[in-house]
Amino acid sequence: MTLFKHAFTGLALLSLSAVSAASETLRFSSFEPPVAHVTKNILTPWAEEVSAASNGELDIKMFPGGTLGRNPAQQLKLVEDGVADIAWVIPGYTPGRFDQGSVSELPFIIPSAAVGSKAMWKMVEQGLFTGDYEKFKLIGVMVSAPNGLATTQEVRAPADMNGLNIRAPGPVMLSGINALGAVPVGGITGPTLAESISRGLISGTFTQFGAMETFRLGDVVTHYMDLPLGATPMLILMNKAKYDGLSDVAKAAIDQHSGAAFSERFGNSFDANVAEAGERMLAENDIAVVSAADAPVEDWQNALAVATTDWIAANENGQAIYDAFLKAIEEAK
């Protein structure tokens, strides 16, 4: 009996030890399909590397394809409500939140995702992105490659935009569309783009080849104007209370792979994918490309200059943020 009691006590202690050593599961939400580039090649490896670096204290599980919430516009609320612990967020879907980062949507500023993402994190380090940015654990603050214009008809000059219904993923780019004499259309998320174009709700969208491939636009657009008409700001956010409740070891694992390191990783991978996706899209689809050499670039710059003027006027410390961002871009090149 004594031997049995000791054995039972030993098993109980082992069980308690196993429970105490159990890893903390973090739910990472992505609205993209699991095979899409950002989710497959950036977010999933990041989750695996952080989990490995935590010495077993973290188990970050990906929930791609909208498993926790299908709409890209839902992702911020998922983190705020604790449904997801971490999520990939497109702030343009929630105007009025993270407005300082919308400076990256301005045309003819961002040359690449790598340069833009590095500059975005620099703004965080300098304390220039505040407000909502301070309410979350920031894993990454980054931007897409610059968006060109994918359409169902040829567009070369600003005048060709007159009267067209054009979609953009953020409010600043929508302002630019309005300045061009086109009809700005908001509220259309990436997954519904192809249907919106095929049904004639819009004639085109500001986008880049990576998104065109992910959201299958090759069958519905016929032209692409390759000018840097503004990038799409993006965030990887973590619920701050969840982060604060983790052990020091778990926090260190997250911190090691976040911030500048994540923004650099994201930007380099994003640019490489856009280049590769562009080659595939053009090989597989009948899409005519208008390059900067074939478009009146100065006319586009003049027509869109009002977007910058309006942004500076509409945002508190707008001029200071704009000037600092231009400097950060130059330093990141």
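What comes next concerns the included structure. Every residue gets a number counted from 1 within its own chain, in the order that chain's sequence is written. Local features in this predicted model are restricted to residues of pLDDT 70 or higher, and side-chain atom pairs are both shown and tallied only at a pLDDT of 80 or more, whereas totals for entire chains, interfaces and linings draw on every residue. Think of the side-chain values as coming from all heavy atoms in the structure, minus any hydrogens and water.

Another aspect to go through is the sheet that holds strand 10 (residues 233–239). Here five strands make up an open sheet; going across it, the order is 2-1-3-10-4 and the pairing mixed. Two strands in the sheet have a free side with no partner beyond their single neighbour: strand 2 (58–63) and strand 4 (136–143). Neighbour-to-neighbour, the strand axes of this sheet turn through a mean angle of 20°, independent of strand direction. In this scheme, strands are said to pair when DSSP sees at least two bridges between them. Only DSSP runs of H or I covering at least 4 residues are called helices, and only runs of E covering at least 2 are called strands; the numbering of each starts at the N terminus. As paired strands, strand 1 (residues 24–29) and strand 2 are joined by six bridges and run parallel to one another. Across the sheet, the residue bridging to Ser29 is Phe63, located in strand 2. Here, two residues are considered to be in contact whenever any of their heavy atoms come within 4.5 Å of each other. Fitting a line to C-alpha atoms yields each axis, with helices limited to the stretch in contact; the angle taken between N-to-C directions then spans 0 to 180 degrees. Contacts between helix 2 (residues 37–53) and the sheet are confined to strand 1, strand 2, strand 3 (86–89), strand 4 and strand 10, with strand 2 contributing the most and set at about 165° to the helix. Against the sheet, helix 10 (residues 260–284) makes contact with strand 4 and strand 10, and its axis sits at roughly 30° relative to strand 4, the strand it touches most.

Bringing empty space enclosed by the protein into the picture now. A cavity here means a set of points on a 1 Å grid, drawn over the protein atoms and nothing else, where a 1.4 Å probe fits but cannot get out; a pocket is an open set with protein on both sides within 12 Å along at least five of seven lines, and a residue lines either one if it has an atom within 4 Å of a point. Grid points are joined across faces, edges and corners, and a volume is the space filled by probe spheres set on the points. Counting across every chain of the model gives three cavities of 30 Å³ or more. Taken as a whole, the largest cavity encloses approximately 310 Å³ of empty space. Those elements that place two or more of their residues in the lining of the largest cavity are helix 2, strand 8 (204–207), helix 7 (209–214) and helix 10. Looking at which element gives the most residues to the lining of the largest cavity, the answer is helix 7, with three residues. One number sums up the size of the second largest cavity: a volume of about 60 Å³. Along its surface, the second largest cavity is lined by Pro91, Gly92, Pro95, Gly96, Arg97, Phe98, Asp99, Ser102, Glu105, Pro171 and Pro233.

Let's shift gears to the environment of Gly190. Position of Gly190 relative to the elements: it lies in the loop between strand 7 (183–185) and helix 6 (193–198). Only protein chains enter the accessibility calculation, which uses a 1.4 Å probe; a residue whose area is less than 20% of its type maximum is buried, one above 50% is exposed, and one in between is partly exposed. Classification of Gly190 as buried rests on a relative accessible area of 3%. Residues Gly190 and Leu68 lie 122 residues apart in sequence; the distance between their C-alpha atoms is 17 Å. Once residues within four sequence positions are removed from consideration, Gly190 is found in contact with Tyr93, Arg167 and Phe215.

The residue Phe266 is located in helix 10 in this model. Separated by 225 residues in the primary sequence, Phe266 and Asn41 place their C-alpha atoms 9.4 Å from one another. Phe266 has contacts with Val38, Ile42, Ser117, Met142, Val143 and Met234, leaving out every residue within four places of it along the chain.

The values are spatial; any link to function lies outside them.
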